[in-house]
Amino acid sequence: MKTSTTARIGLRTVALGYLVLLIAVPIVLILWRTFGEGVGAFVDSIRTPAAISALNLSLLIVAIVVPLNVVFGVGTALALVRGRFRGRGLVQAVVDLPFAVSPIVVGVSLILLWGVDGWFGGLERLGIKVIFGLPGMVIATLFVTLPFVVREVEPVLHEIGTEQEQAASTLGASTWQTFWRITLPAIRWGLTYGVVLTIARALGEFGAVIMVSSGFPGVSQTLTLLVHSRYIDDHNTYGAYAAATLLMGLAVLTLLGMTALDRKRSKT
Amino acid sequence: MTTTTNHARRGDTSTEGSSLPPRPHLPLGDGADSLPAAPPSSRRTGVARPLGVGLVGLWLSVLVLLPLAALTVTSLGEGIGGFWHAVSAPVALASLRVTVLVAAIVAVVNAVMGTLIAWVLVRDDFPGKRIVNALIDLPFALPTIVASIVLLSLYGPNSPIHIHLNATQPGLLVALAFVTLPFVVRSVQPVLIEVDREVEEAAASLGASNWTTFRRVVLPTLAPAVISGTGLAFARAIGEYGSVVLIGGNIPRKTQVASQYIQQQIEIDRPLNAAAVSVVLLAIAFVTLFVLRLFAGRSLRREEDAQ
Amino acid sequence: MISVIGARRSYGDFAALDDVTLDIPAGSLTALLGPSGSGKSTLLRSIAGLEQLDGGRIVIAGRDVTGVAPQKRGIGFVFQHYAAFKHMTVRDNVAFGLTIRKRPKAEISRKVDDLLEIVGLDGFQHRYPAQLSGGQRQRMALARALAVDPEVLLLDEPFGALDAKVRADLRQWLRRLHDEVHVTTVLVTHDQEEALDVADRIAVLNKGRIEQVGDPVTLYDRPANDFVMSFLGSVARLGGALVRPHDIALDRDLERARAADARVGGSPGVIEAVVERVVRLGFEVRIDLRADSGTRFAAQVTRAEADALGLVEGETVYARATTGPDAAEIHPALAI
């Protein structure tokens, strides 16, 4: 279809105009406001005790969630691709569920299961505080990040098939040796991609975490909760901008990482 | 946050269903001999043993199924009547109405603007196109609360252009349009790249105008991708919280969306109300995704028939 | 020596192996030949332990390995699609089995270099499989299988994914390799020419059963049944009997044809046919014929014979088989 020059430029203007107003200008503006008062002010704002503790908490959650997701994500993907068991369809559906559930609904569900009055409320009476404690935030993050590793590893497992693993077994490799030396290296880029997505989502999750966190500054605030509370509770707009810029920097790093990985994956 | 590749690929796998791993197909391949090879081999070389499957099942149950079961059971704590009462409370109903209305408008805006942007990114050429292309993914990578802050800086109380959308329905629209931007663009883009341009040229050679060609030839090919992207955007907008929490204003019956209502009910300790509205939200999302899946299956079959 | 005793394996209603018993002599190169779905791959994979038998036993070199894992069977296996470890160099691929066995580094190095030289991949040590051609990948896979000094070498359609020219070359190469290494080798193929070319024994499988086992000459000349006959080489249907196209003699004179036919015991008799087409294929000449019953068949003669006959299209000739059902009884010279 040969569009006339005017029509093409018209379409281009509309598309770019929409993107500029929706994305570009707001982001430039927030960067402007963050760094308008100098880099020093930005650094100070993200080095307050509350901010540092929020960053630490966010990283701690990532550090707990990523290994669990790797182990169970790879396990689930292996079961889905290699296993022949009844209920595979159900497992497939359950893995996709977190994509369809609102973060707030995740939070409510977890409160109703793990909270004092929930099904597992007994735990809290035993002194194990899940909701409004670190375990709750970890579980909420696990819920929303569950699909990433599975869905990135699964197609790779499909693609490599079983022949390489069978070849390894005929050459004398045990199941574990085959997994470590053949399967894991073969899925490494898909797995890394899934981990990057998990990290990004874990750092950025807000709705599910705010529901199950007590939200005390310096104690149970993640970075996203810090942005929220600075804006809403402290009326510290600048501080909120600065924390948001920090998170945005992490997100851009993620994007860059994903692009690099994409290129790497398409090569191998 | 979800990524484009994820959605694109999720679409792929759903169309493939649970078929066996694609083996390199060779004309000399020993079809029937190799066909049964996959299942028995897993006994020796796969890690997926009964124990592993059991562990995975337990993990998924505790993490996902049990919480949702607890939610559903709680919502029915006082029977169907209690559920209905909770859902039909005026404020609850209003929040659901606002949610669905705004999400529907956002979905339509996405369908139009997303297709247009995809078109410009594929068919047009201008300096900086790659940067614009990278920009599309940003809303997926950005934490939702950051999206909220970012939009407030332009459209909030300190707006440099004096557009104040804070605590208005248009404010909700902007926030949701921001976070759902990539869905349609990223599902239409690959299809548009694959479109056979000769078909368009054939239509033009038969005397069709540009608009006719687009409407009669291009749009039908893009329709499944547009609908699927729009549906995903709708499902996402229904449950969105982080991006609307700052800009929405949370005014009952006006800008309070369902997720905010749920959060509020938990805060004032009305778990049944929260659970009931949550179940409705879940149901809307499920129905949307289910219809999409049906639709995808049908259009796939139609394409297969055509071959 | 490999013994398969009463092997049975089915997938649902489909019997891939139906009571298969087979002895594979030590040091031989045996081909398992059969059409798709005949069970030949299942048989090979059962010997390797990659498939479980429903019943029966597998004995390798006097050791019953029926319940033994593939890791411990002392086998080398080569897959149709190479199963190259894509993330490892050629060297690491070949060294894999030895690394798993924790052999000393120096030994691994020496052995890998030796093997790469044997398979003609010297100098390719540091390439990745993606940088090799199909034929090279398959040779690497062979070296990898041989590195662990297997008791038996099992090849599953090893040349099936390669193009015709490379396939023929690798076939010759495998034959020479086997003559050097003498490891008991079993090769699965659906290509009768390949089986006749490389193997010193052939087992023909059909529908999960063994139809016949023997050396290539016996199978070709004395097929046990119609299936084996038609699977190994081309056949023509002459008066209800299966005859090889080069075992059909043509004569213009009915009486002479009858007299010659009388000397062949149990032959299908003399068939009257019309020449439809004479095709000269270099040394051979193929004559397409139509019998008076309407069935079409082809005879294959040498150029000299064709010239002597001087057949033209539309002409009527008398065809007869130069071999009876008991082919060995007839001396070729007498028949002509």
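Residues numbered from 1 in each chain as written. Chains lettered and ligands numbered in written order. Predicted model: local features only at pLDDT ≥ 70, side-chain atom pairs only at ≥ 80, totals over all residues. Heavy atoms only, no water.

**Re the domain arrangement of chain A**
Residues and elements named next belong to chain A. Test applied: Note that domain bounds follow an automatic or database assignment of domains. Whether two residues are in contact is decided by their heavy atoms: any pair within 4.5 Å suffices. Values labelled buried area give the accessible surface lost by two parts on being combined, using a 1.4 Å probe and summing over both. We define a salt bridge as a contact between a side-chain nitrogen of Lys or Arg and a carboxyl oxygen of Asp or Glu at a distance within 4 Å. Think of a polar contact as two N or O atoms within 3.5 Å of one another; within protein, one of them needs to be a possible hydrogen donor and the other a possible acceptor, and neighboring residues in sequence only count if both atoms come from side chains. Here the term charged refers only to Asp, Glu, Lys and Arg, the term nonpolar to Ala, Val, Leu, Ile, Met, Phe, Trp, Tyr, Cys and Pro, and the term polar to all other amino acids, Gly among them.
One can read the domain layout of chain A as domain 1 (1-36) and domain 2 (38-267). Each side of the interface is counted separately: domain 1 has 7 residues, and domain 2 has 9 residues. Taken together, both faces of the contact between domain 1 and domain 2 bury some 730 Å²; the carbon and sulfur share is 72%. Together, I30, T34 and F35 form the three largest contributors to the area buried by domain 1 at its contact with domain 2, with a combined 67%. Connecting domain 1 to domain 2 are 0 salt bridges. Put simply, domain 1 and domain 2 have 5 residue pairs in polar contact (both at pLDDT 80 or more) between them. Of the residues contributing to the side of domain 1 that touches domain 2, the split by class is 4 nonpolar, 2 polar and 1 charged.

**Details of the nonpolar core**
Going by this rule: As used in this record, nonpolar core signifies buried Ala, Val, Leu, Ile, Met, Phe, Trp, Tyr and Cys residues forming a set joined through side-chain atoms within 4.5 Å. Here the term buried applies to any residue with accessible area under 20% of the maximum for its type, exposed to any over 50%, and partly exposed to those in between, with areas from a 1.4 Å probe on protein chains only.
Counting 159 residues, the largest nonpolar core has A:V108, B:L71, B:I117 and B:I149 as the members making the most contacts within it. With near-sequence residues (within four places) excluded, B:I117 lies in contact with A:A15, A:Y18, A:L19, B:I136, B:L181 and B:V185. With 44 residues, the next largest nonpolar core counts C:V119, C:L121, C:L177 and C:V198 among its residues.

**Quick look at the interface of chain B and chain A**
To be explicit about the condition: Strands are runs of DSSP state E lasting at least 2 residues, helices are runs of H or I lasting at least 4, and numbering of each runs from the N terminus.
Of the residues lining the interface, 101 residues belong to chain B; the matching set on chain A comes to 97 residues. Between the two partners, chain B and chain A, sit 2 salt bridges. The salt bridge involving B:D124 is made with A:R8; its shortest N-O contact spans 3.2 Å. Our count for the contact surface shared by chain B and chain A stands at 7 residue pairs in polar contact (both at pLDDT 80 or more). The greatest single-element share of the side of chain B that touches chain A, amounting to 17 residues, is contributed by helix α4 (residues 50-75) of chain B.

**Structural notes on the sheet that holds strand β4 (residues 55-60) of chain C**
Residues and elements named next belong to chain C. Spelled out, the test is: Two strands form a pair only when DSSP identifies at least two bridges running between them. To get an axis, fit a line to the C-alpha atoms, keeping to the stretch in contact for a helix; angles then go from 0 to 180 degrees between the N-to-C directions.
Taking strand neighbours across the sheet as the criterion, the 4 strands line up as β2-β1-β4-β5 in an open arrangement whose pairing is antiparallel. Both edges of this open sheet fall to β2 (14-24) and β5 (63-64), since each of them pairs with a single strand only. Pairing of strand β1 (residues 2-11) with β4, which is carried by 5 bridges, proceeds in the antiparallel orientation. Note on β4: the bridge partner recorded for V4 is I58. Most of the contacts of helix α1 (residues 40-48) go to β2, to which it runs at about 60 degrees, and overall it touches β1, β2 and β4.

**As for the packing of aromatic side chains**
A ring pair, where both rings are aromatic, is described by two values, the distance of the centres and the angle of the planes. Cut-off, in case you're wondering: Centres within 6.5 Å make a pair out of two Phe, Tyr or Trp rings, where for Trp the six-membered ring is used; the pair is then stacked when the planes are under 30 degrees apart, edge-to-face when over 60, and tilted otherwise.
Following the criterion strictly, the structure yields 14 aromatic pairs over all chains and no others. Judged by centre distance (5.9 Å) and plane angle (90 degrees), the rings of A:W176 and A:F179 are edge-to-face. Highlighted residues: A:W176 and A:F179, both in helix α9 (residues 175-204), separated by 3 residues, approximately one helical turn. For A:F179, a relative accessible area of 11% corresponds to the buried category. Geometrically, the ring pair formed by C:F227 and C:F231 is stacked, given 5.6 Å between the ring centres and 10 degrees between the ring planes. A residue pair is termed a helical-turn pair when its members lie 3 or 4 positions apart in one helix, as C:F227 and C:F231 do in helix α8 (residues 226-231) at 4 residues. Taking the relative accessible area as the measure of exposure, C:F231 reaches 18% and is therefore buried. Ring pairs connect the aromatic residues A:W176, A:F179 and A:W180, which therefore count as one cluster.

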